[in-house]
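Survey of secondary and tertiary structure
Each chain, letter by letter, is given below.
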Amino acid sequence: MNLNLGFLASHDGSNVKAIMESIEQGRLRASPKVIISNNPNSGVLELAKNKNIPHYCLNEKNFPQKYKSLDLAIIKTLQEHQVNLVVLAGYMKKVGSQLLEAYHNRILNIHPSLLPKHGGKGLYGLKVHQAVLDYGDTEAGVTIHLANQEYDQGRILAQAKIKVLPNDTADSLASRVLKLEHALYSQTLIEIQTNRLDLDNYVNIM
Ligand code: GRF
């Protein structure tokens, strides 16, 4: 599959950066077409500038009025840049129904826990890792799934696990899990690009 990637991110964009590095190192064959952030101060927009990737800040306050909704503005922006796979990478907004329809089975999300545990509305960032510790889980990890109309509930495509260490804090766990995110996102995109992972039928023959 020929991957034209569109990224949606709200924060530093370390996941986007890691995927870009996989492309630059020749491990992942994909073309980063556009980066969209809802956050005008996000590190991911800085990253886009440094990498000369078309980038837009689109949110409920500033989307061009010629589009009836933010959802439509995002869809049009993605389509104008020939995007065929949307990568949510630390994107804190819910994906709208029109975007889900326009990119059916073509929107990936990453969540820093072993879903279905510790997912859903309000569980993001350090809150996820604190929940892992509060529940006394012995394992933590990362999930990549297809986005749907609910937070963190789409079909699971890939997971990776690590042990929770006795002296782990939410911060120490977050930083180890984030490294796992970086590895798993690129690996999952490689499997999609090499047709080992079929997003429509989800046959993962690994
Ligand atoms: C992190 O909490 C990460 O676990 C989640 O989104 C947040 C920001 O990630 N995926 P990034 O550094 O902006 O990719």
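Just above sits the structure.
Residues numbered from 1 in each chain as written. Predicted model: local features only at pLDDT ≥ 70, side-chain atom pairs only at ≥ 80, totals over all residues. Heavy atoms only, no water.

To continue, consider the sheet that holds strand S3 (residues 55–57). Taken together, seven strands build an open sheet; the order of strands is S3-S2-S1-S4-S5-S6-S7 and the sheet is mixed. Edge positions in the sheet fall to S3 and strand S7 (156–163), since each has one partner strand and no second. Geometrically, the sheet is characterised by an average inter-axis angle of 20° between neighbouring strands, direction not taken into account. Of the strand pairs in this sheet, strand S1 (residues 3–9) and strand S4 (residues 85–88) are connected by four bridges, and their pairing is parallel. From the neighbouring strand, Gly6 faces S4, where its bridge partner is Val86. Along the sheet face, helix H1 (residues 14–24) touches S1, strand S2 (30–37), S4 and strand S5 (107–111) and points at about 160° away from the line of S1. (Pairing = 2+ DSSP bridges. Helix = DSSP H or I, 4+ residues; strand = E, 2+ residues; numbered from the N terminus. Axes fitted to C-alpha atoms, helices over the stretch in contact; angles between N-to-C directions. Contact = heavy atoms within 4.5 Å.)

Turning next to the nonpolar core. If you look at the biggest cluster of nonpolar residues, it comprises 41 residues, and the most contacted ones within it are Leu5, Val16, Ile19, Leu108 and Leu189. Excluding anything up to four places from it in sequence, Ile19 contacts Leu5, Phe7, Leu28, Val87, Tyr185, Ser186 and Leu189. Counting residues in each nonpolar core, the second largest holds 21 residues, with Val34, Ala73, Leu100 and Ala147 among its members. (Core = buried A, V, L, I, M, F, W, Y, C linked by side-chain atoms within 4.5 Å. Buried < 20%, exposed > 50% of the residue type's maximum accessible area, 1.4 Å probe, protein only.)

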